[in-house]
Amino acid sequence: MNPVIDVRHLVKHFPLTGGLLGRKIQLLKAVDGVSLAVARGETLGLVGESGSGKSTVGNCILRLIEPDRGDILLAGQSILTLTGQELRRARRRMQMVFQDPQSSLDPRMTVKKIVGYPLEVHGLAASSAEIADRVAHLLQEVGLSSDHLDRYPHEFSGGQRQRIGIARALITEPDFIIFDEPTSALDVSVQAQILNLIKDLQRRHGYAYLFISHDLTVVRHISHRIAVMYLGTLVESATRKELFDHPAHPYTLALLASAPKPNPLLRQELAVLQGDPPSPVQVPPGCRFHPRCPHAMEICRDTEPEQHNISPTGAASPHLVCCHLYREGHRR
Ligand SMILES: Nc1ncnc2c1ncn2[C@@H]1O[C@H](COP(=O)(O)OP(=O)(O)OP(=O)(O)O)[C@@H](O)[C@H]1O
Ligand SMILES: [Mg+2]
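A short tour of the structure in this document, coming up. Remember, it's a predicted structure, so these values are computed and weren't measured experimentally.

### What about the overall build of the protein chain?
Here is step 1: Within the protein chain, the secondary structure is distributed over 11 helices and 12 strands.
Here is step 2: Across its three principal directions, the C-alpha atoms of the protein chain cover 70 × 50 × 40 Å.
Here is step 3: The 332 residues of the protein chain split such that 51% are buried.
Here is step 4: A sequence separation of at least 24 residues applies to 62% of the contacts in the protein chain between residues at least 6 apart.
Here is step 5: Total accessible area on the protein chain is roughly 16,000 Å²; 49% of this is exposed by carbon and sulfur atoms.
Here is step 6: Of the charged side chains in the protein chain, 37 are positive and 34 negative; the average position of the first set lies 1 Å away from that of the second.

Next up, the structure:
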């Protein structure tokens, strides 16, 4: 695979300060060694409970926040050392669509201004007529019409507003787009339309997507591969089919069991996810999942599990799982 985006051992710890002098008292380990890659035309779903670090991964990739360690390669080139003009150019090739189109669209700006703004600030269009043209074309592409150019966000429904958010992300002709819970604020019927639009756009343009969601049903609908995140680390990743047919990590099993259609075979796991995950300030030693894991063994309490590839020999894509249950080189 020749990835569009290649994230290696990404770490982001937020210092928590306290006391009169605002001294660092603790570290919140939001992202603690995450590696992932996405190819052209591919969607990687990133799934996990609230607070597991999904958005922090996305924000680091776009350098909206600076990671502490690790590397991020865009088309083979590290973007962490870029500054000025080069950084701006790299940023245009990566875009983000946010959860809440209501709050991410400026209510005082028309659609033409909102969607065309990146062209304006980066000086990517020769004239305002060209901007209007390109915006009108994009509106059609996302299922709106050029009649909407001079309207304001409040004149649209939630689904239409998310279409505007998507058009804004596409205007700089990116290679890679992060969707951070793009349909969580929408009704189920509208959700499906937006997901289909996102898929269609990928089919037409070959974008690479990182699709963040806590909802496995949504991730399943859209992803080619899925990575499961728990307390700042990836515990399992595989192709969609492999992950749903042969989920391996006890946390993934628990997530599947608490999805709307529980598998009766996995009922036993249902209790696991009751209670909140431990705090990323006090990450449990050994395997982070062991306090909630029905299969926890002695080794899980003190030794961090390594990553094992359990895919059948010869499989095109690895099935990676970080769990001591698979330490004997177990393959399917
Ligand atoms: N700027 C920040 N400063 C301090 N802590 C932060 C900051 N941003 C995120 N965190 C913490 O990092 C952890 C991971 O947060 P993040 O938003 O990445 O999780 P998430 O998986 O996207 O959750 P959700 O599903 O709720 O969006 C959380 O404990 C959060 O409180
Ligand atoms: Mg988030």
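### Topic: helix α7 (residues 188-205)
Here is step 1: The end-to-end C-alpha distance of α7 is 26 Å, a good match for the 26 Å that 18 residues give at a rise of 1.5 Å each.
Here is step 2: Among the residues making up α7, those that are buried are Gln-191, Ile-194, Leu-195, Leu-197, Ile-198, Leu-201 and Gln-202. Across the axial projection of α7, the buried residues extend over an arc of 155°, all falling on one side. Exposed and oriented more than 90 degrees from the buried face of α7 are Ser-189 and Arg-203.
Here is step 3: Along its buried surface, α7 packs onto β3 (43-47), α5 (128-141), α6 (158-170), β7 (176-180), β8 (208-213) and α8 (216-222).
Here is step 4: Looking at the residues trailing α7, positive phi occurs at Gly-206, about 75°.

### Things to note about the nonpolar core
Here is step 1: Residues Val-115, Ile-164, Ile-166, Leu-170, Phe-179 and Ile-198 are the most contacted members of the largest nonpolar core, which totals 36 residues.
Here is step 2: Counting only elements with at least two residues in this core, the list comes to α4 (111-121), α5, α6, β7, α7, β8 and α8.
Here is step 3: Of all hydrophobic cores here, the second largest spans 31 residues; its members include Ile-61, Ile-72, Leu-87 and Ala-208.

### Some points on the sheet that holds strand β5 (residues 77-78)
Here is step 1: Spatially, the 4 strands line up as an open sheet ordered β2-β1-β4-β5, and their pairing is antiparallel. The open sheet terminates on both sides in strands that have one partner only, identified here as β2 (23-38) and β5.
Here is step 2: Relative to β2, strand β1 (residues 5-18) is paired through 12 bridges, and the arrangement is antiparallel. Residue pairing for β2: Val-11 is matched across the bridge by Asp-32.
Here is step 3: Across the sheet, helix α1 (residues 54-61) is in contact with β1, β2 and β4 (69-74); its angle to β1 comes to roughly 110°.

### A look at the side chain of His-13
Here is step 1: With respect to the helices and strands, His-13 occurs in strand β1.
Here is step 2: Polar contacts involving the side chain of His-13 include one to the side chain of Asp-32, which spans 2.7 Å.
Here is step 3: Setting aside anything within four residues of it in sequence, one finds His-13 in contact with Leu-27, Leu-28, Lys-29, Val-31, Asp-32 and Asp-68.

### A word on the pattern of salt bridges
Here is step 1: In this structure the tally under the stated criterion is 15 salt bridges.
Here is step 2: Lys-112 is paired through a salt bridge with Asp-150; the nearest N and O atoms lie 3.6 Å apart. Within this pair, whereas Lys-112 is found in helix α4, its partner Asp-150 is found in the loop between α5 and α6, the two being separated by 38 residues in sequence.
Here is step 3: For Lys-112, a relative accessible area of 30% translates into the label partly exposed.

### What to know about the sheet that holds strand β10 (residues 233-239)
Here is step 1: The strand order β6-β7-β8-β3-β9-β10-β12-β11 describes an open sheet built from 8 strands, whose pairing is mixed. Here the strands that pair on one side only, and so sit at the sheet edges, are β6 (94-97) and β11 (307-309). Pairwise comparison of adjacent strand axes, ignoring direction, gives a mean angle of 20° for this sheet.
Here is step 2: Relative to strand β12 (residues 320-322), β11 is paired through 3 bridges, and the arrangement is antiparallel. Note that in β12 the partner of Gln-307 across the bridge is Cys-322.

### Looking at the site of ligand 1
Here is step 1: Around ligand 1, 13 residues are found, and the nearest of them are Ser-50, Gly-51, Lys-54, Ser-55 and Thr-56.
Here is step 2: At 3.2 Å, a backbone N or O of Ser-52 approaches an oxygen atom of ligand 1.
Here is step 3: Gly-53 is positioned such that a nitrogen or oxygen atom in its backbone is 3.0 Å from an oxygen atom of ligand 1.
Here is step 4: In the complex, 61% of the free accessible area of ligand 1, which totals 640 Å², lies under the protein chains.
Here is step 5: The set of elements that each furnish at least two residues to the shell around ligand 1 consists of β2 and α1.
Here is step 6: The leading source of residues in the shell around ligand 1 is α1, at 3 residues.
Here is step 7: Among the residues forming the shell around ligand 1, the class breakdown is 4 nonpolar, 6 polar and 3 charged.

### So, the layout of surface pockets
Here is step 1: If you add up the space inside the largest pocket, you get close to 680 Å³.
Here is step 2: Along the walls of the largest pocket sit 33 residues, with Ser-35, Leu-234, Gln-307, Leu-320 and Cys-322 positioned nearest its centre.
Here is step 3: Breaking the lining of the largest pocket down by element, the ones donating at least two residues are β1, β2, β9 (225-230), β10 and β12.
Here is step 4: Among the residues forming the lining of the largest pocket, the class breakdown is 17 nonpolar, 9 polar and 7 charged.
Here is step 5: The wall of the second largest pocket is formed by 21 residues, among which Gln-95, Phe-98, Pro-118, His-122 and Arg-168 lie closest to the centre.
Here is step 6: Secondary structure elements with two or more residues in the lining of the second largest pocket: α2 (84-92), β6, α4 and α6.
Here is step 7: With 4 residues, α4 is the largest single contributor of residues to the lining of the second largest pocket.

Rules used in this analysis
- Residues numbered from 1 in each chain as written.
- Chains lettered and ligands numbered in written order.
- Predicted model: local features only at pLDDT ≥ 70, side-chain atom pairs only at ≥ 80, totals over all residues.
- Heavy atoms only, no water.
- Helix = DSSP H or I, 4+ residues; strand = E, 2+ residues; numbered from the N terminus.
- Buried < 20%, exposed > 50% of the residue type's maximum accessible area, 1.4 Å probe, protein only.
- Contact = heavy atoms within 4.5 Å.
- Areas by Shrake-Rupley, 256 points an atom, 1.4 Å probe, with all protein chains shown as cover.
- Lys, Arg positive; Asp, Glu negative; His and termini not counted.
- Charge placed at Lys NZ, Arg CZ, Asp CG, Glu CD.
- Expected span 1.5 Å × (residues − 1).
- Arc of directions from axis to C-beta.
- Core = buried A, V, L, I, M, F, W, Y, C linked by side-chain atoms within 4.5 Å.
- Pairing = 2+ DSSP bridges.
- Axes fitted to C-alpha atoms, helices over the stretch in contact; angles between N-to-C directions.
- Polar contact = N/O pair within 3.5 Å; in protein donor to acceptor, adjacent residues only side chain to side chain.
- Salt bridge = Lys/Arg side-chain N within 4 Å of Asp/Glu carboxyl O.
- Near = heavy atom within 4 Å.
- Nonpolar A, V, L, I, M, F, W, Y, C, P; charged D, E, K, R; others polar.
- 1 Å grid on protein atoms, 1.4 Å probe; cavity = no way out; pocket = protein on both sides within 12 Å on 5 of 7 lines; lining within 4 Å.
- Points joined across faces, edges and corners; volume = space filled by probe spheres on them.

Limitation: the analysis is restricted to geometry and does not speak to function.
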